[in-house]
Amino acid sequence: MNMQAQAAVESKTKPPRDSSGFAISEWHDTDEVMARLQALISQPIRPIRPENMEKVLRYFDEKCQGSKRLSEQAKEVIPGGVQHNLAFNYPHPLAITEANGAHMSDVDGNRYIDFLQAGGPTILGSNYESVRKQVHELLDTCGPTTGLMHEYEVKLAELLVKHFPAVDMFRMLGSGTEGVMAAIRVARAHTGKKWIIKMGGGYHGWSDQMVYGLRVPGTARRDAVGIPRDCVSHTQESFPHDISALRRRLQLNKLRGGTAAVIVEPVGPESGTRPVYKTFNQEVRQLCDEFDTLLIFDEVVTGFRLGLSGAQGYFGVNPDLTVFGKALTGGYPMAGGIGGRREIMMNLAGGIGGSKKGAMVGGTLSANPLSCAAGYFAIKEMERTNAPVLAGRAGDRLCKGLQEIIERLGLPYVAYNQGSIVHLETSGVMLLNANTPLQMIRTLKQAKPRKHMMEEFGAAYCAHGIITLAGSRLYTSLADTDEVIDDALNRFEDVMKLA
């Protein structure tokens, strides 16, 4: 690498900051975690015993009759009976009426420890009181939206510029999916190149060009139902962890016009379900500079959850563009956006028609007063309470407790965490691969029973008073005191004894 290129790399790569300001107290031994995960998927599944699963399902029949009735109604008017993936639950969805702090309750009066936390954005805990009061005041005076500018969209943008090292300017949108769409469009406008590379198995929303290589690396267009082939004709996947494979793709693309951007989830695909090495993002940054390619960090989950400066602050790596999502507004709706270097962000069109060279991005309800105020006050509370760090410490306590239970009971399951993102793999379905024909055959054979086993564990957690994300991921929050975590660990142990 020449001196000019080296200087460019150094300007975008900083030493990791003091871990005391982040949710992650210590990065996991990725080799050791991956070895345990590979051992898990290399052996027969260890599901809940059938006689015990009957007892779990009895809970839903006897204790969740209101939820069951509502889910039956939903099937008549909602495709699949749910409006979004997080609401799916085996054997049927739960209808929630109250969420506060570390707990939620359903229509039947059952109370649960909430490790879903709305899919990750409520780092302060659900329905945080001071934020709620501030939002109520705004609604009383302004209402949720005006169609015009409001001071809190400026205040929120200023907070993001203050905390995120790689963000000079910010444009708010309605979701993480929209943020990814905008980032890709801006990257192509800025570079004049077409190719986009993602890590296989990663999730970057459901836009046409990103429904490619979802969840299982090597699956390419397998989930692209209803999406014309041309929509993903310039989308590629590279196997997670494999820097050499990424280099080969970048070299090949250079001969075909070049790569506009590489997009990554900085802790690994599916929010760290396939965890990366700590040096991975620095190595990707260096490759992107070498091949004159933009680096996009998808911080929909990690933004604020890993710390006030997100994953880029923790890893000391500055992406060219940053995608924000649900954590941006602390759990309130219309949460998403894109931030980045000024010269790149100026490629966005402003106003009706914008500039001749501007990339068109819109959204009538984007940056509405309700969402911006909620985001501003949530972030200010995170500053005041040190919520990301405390949520991370709760994740450490939960993970260590799960590891101890697994080892003591002699189970093959795997628990590890990236701060307040805690992974509990019992079936390993998310770790299957399809990069070779043999792996594809194995995946097709194992995916269904392993997925069902994961769903059964999710149901068993519910029956024991715990809500998780798909039975395999847990998000901790500021509300998770030692007492809450210890209560949860007792419940998790009861479930694991059913296997």
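Residues numbered from 1 in each chain as written. Predicted model: local features only at pLDDT ≥ 70, side-chain atom pairs only at ≥ 80, totals over all residues. Heavy atoms only, no water.

A. Structural context of the overall build of the protein. Across its full length, the protein carries 16 helices and 14 strands. Its C-alpha atoms give the protein a radius of gyration of 22 Å, near enough to 23 Å, the size a compact globule of 499 residues would have. In terms of its C-alpha atoms, the protein occupies a principal-axis envelope of roughly 65 × 60 × 50 Å. Relative to its 499 residues, the protein shows a buried fraction of 57%. Within the protein, residue pairs in contact and separated by at least 24 positions form 76% of the contacts whose partners lie at least 6 positions apart. Approximately 21400 Å² of the protein is accessible, and the part contributed by carbon and sulfur atoms is 53%. Charged side chains in the protein number 55 positive and 54 negative. The centres of these two groups are separated by 6 Å. (Helix = DSSP H or I, 4+ residues; strand = E, 2+ residues; numbered from the N terminus. Rg over C-alpha atoms; globule rule 2.2 N^0.38 Å. Buried < 20%, exposed > 50% of the residue type's maximum accessible area, 1.4 Å probe, protein only. Contact = heavy atoms within 4.5 Å. Areas by Shrake-Rupley, 256 points an atom, 1.4 Å probe, with all protein chains shown as cover. Lys, Arg positive; Asp, Glu negative; His and termini not counted. Charge placed at Lys NZ, Arg CZ, Asp CG, Glu CD.)

B. Expanded view of the side chain of Glu 456. Structurally, the position occupied by Glu 456 is in helix H15 (residues 437-463). Arg 49 provides the closest opposite charge to the buried, salt-bridge-free Glu 456, at an N-O distance of 12 Å. When near neighbours in sequence (up to four residues on either side) are disregarded, Glu 456 contacts Pro 47, Ile 48, Met 53 and Tyr 90. (Salt bridge = Lys/Arg side-chain N within 4 Å of Asp/Glu carboxyl O.)

C. Representation of the pairing of strand E6 (residues 235-238) in the model. On E6, burial covers both faces: Thr 235 and Glu 237 on one face and Gln 236 and Ser 238 on the other are all buried. As judged from the four bridges shared by strand E5 (residues 195-199) and E6, these two strands associate in the parallel manner. Note on E6: the bridge partner recorded for Met 199 is Ser 238. (Pairing = 2+ DSSP bridges.)

D. Seen up close, the packing of helix H5 (residues 129-141) against helix H13 (residues 369-385). As a packed pair, H5 and H13 sit with axes 9 Å apart at the nearest point and diverge in direction by 150 degrees. The angle between H5 and H13 places the two elements in the roughly antiparallel class. H13 is crossed by H5, and the crossing has right-handed handedness. Between H5, through Ser 130, Val 131, Gln 134, Val 135, Leu 138 and Leu 139, and H13, the contact on the second element is made entirely by Pro 369, Leu 370, Ala 373, Ala 374, Phe 377, Ala 378 and Glu 381. (Axes fitted to C-alpha atoms, helices over the stretch in contact; angles between N-to-C directions. Parallel < 35°, antiparallel > 145°, perpendicular 65-115°, else oblique. Left-handed = near helix turned anticlockwise from the far one by under 90°.)

E. Region of interest: the packing of aromatic side chains. Taken as a whole, this structure holds 15 aromatic pairs when the rule is applied. With a centroid separation of 5.2 Å and 75 degrees between ring planes, the pair formed by Tyr 376 and Phe 377 is classed as edge-to-face. For the pair shown, Tyr 376 and Phe 377 are each scored as buried. Centroid distance Tyr 413 to Phe 457: 5.5 Å. Interplanar angle 80 degrees. Geometry classified as edge-to-face. Here Tyr 413 is found in the loop between helix H14 (387-408) and strand E11 (414-418), whereas its partner Phe 457 is found in helix H15, with 44 residues between them in sequence. For Tyr 413, a relative accessible area of 3% gives the class buried. On the basis of relative accessibility, which here comes to 0%, the residue Phe 457 falls in the buried class. (Phe/Tyr/Trp six-rings, centres within 6.5 Å; stacked < 30°, edge-to-face > 60°.)

F. Spotlight on the pattern of salt bridges. Counted by the stated rule, this structure contains 24 salt bridges. Glu 270 is the partner of Arg 473 in a salt bridge, and the nearest nitrogen-oxygen pair spans 3.0 Å. Of this pair, Arg 473 sits in strand E14 (residues 473-475) while Glu 270 is found in helix H9 (residues 269-272), placing the two residues 203 residues apart along the sequence. Taken individually, Arg 473 and Glu 270 each receive the classification buried, so the pair is uniform in this respect. With its nearest N and O atoms 3.0 Å apart, the salt bridge here joins Arg 397 to Asp 486. Note that Arg 397 is positioned in helix H14 and Asp 486 in helix H16 (residues 482-496), a separation of 89 residues in sequence. The exposure class of Arg 397 is partly exposed, given its relative accessible area of 34%. The network of salt bridges with shared partners includes Arg 285, Asp 289, Asp 320, Arg 341 and Glu 343.

G. Representation of the nonpolar core within the structure. Residues Phe 115, Val 262, Leu 398, Leu 402 and Phe 492 are the most contacted members of the largest nonpolar core, which totals 82 residues. Contacts of Phe 115, omitting those with residues within four sequence positions, involve Leu 398, Ile 466, Ile 467, Arg 473, Leu 474, Tyr 475, Thr 476, Asp 480, Ile 485, Ala 488 and Phe 492. Ranked by size, the runner-up nonpolar core spans 32 residues in total, among them Phe 170, Leu 308, Ala 327 and Cys 372. (Core = buried A, V, L, I, M, F, W, Y, C linked by side-chain atoms within 4.5 Å.)

H. Just the sheet that holds strand E7 (residues 259-264), in detail. Across the sheet, which stays open at both edges, the seven strands sit in the order E4-E10-E9-E8-E7-E5-E6 with mixed pairing between neighbours. The sheet is open, and its two borders are formed by strand E4 (169-173) and E6, each paired with just one other strand. Each neighbouring strand pair of the sheet contributes to a mean axis angle of 20 degrees, computed without reference to strand direction. Relative to strand E8 (residues 294-298), E7 runs parallel, the two sharing four bridges. Bridge assignment links Val 262 to a residue of E8, and that residue is Leu 295.

I. Here's a closer look at the pairing of strand E9 (residues 321-324). Neither face of E9 is left uncovered, since the one carrying Leu 321 and Val 323 and the one carrying Thr 322 and Phe 324 both have all their residues buried. One ladder, built from three bridges, connects E8 with E9; its direction is parallel. Of the residues in E9, the one forming a bridge with Asp 298 is Val 323. Taken together, E8, helix H11 (residues 310-315) and E9 constitute a β-α-β crossover, and its handedness is right-handed. Where E9 and strand E10 (residues 336-340) come together, four bridges link them in antiparallel fashion. The residue of E10 that forms the bridge with Thr 322 is Gly 339. (Right-handed = clockwise from strand over helix to strand, strands pointing away.)

J. Representation of the sheet that holds E14. An order of E11-E12-E14 is seen for the three strands of this open sheet, with the pairing classed as antiparallel. Two strands in the sheet have a free side with no partner beyond their single neighbour: E11 and E14. The average angle at which neighbouring strand axes cross in this sheet is 20 degrees, direction not considered. For E11 and strand E12 (residues 421-425), the ladder comprises five bridges, and the chain directions are antiparallel. Among the inter-strand pairings, Ala 415 is bridged to a residue of E12, identified as Leu 424. H14 rests against E11, E12 and E14 of the sheet, and its axis sits at about 165 degrees to E11.

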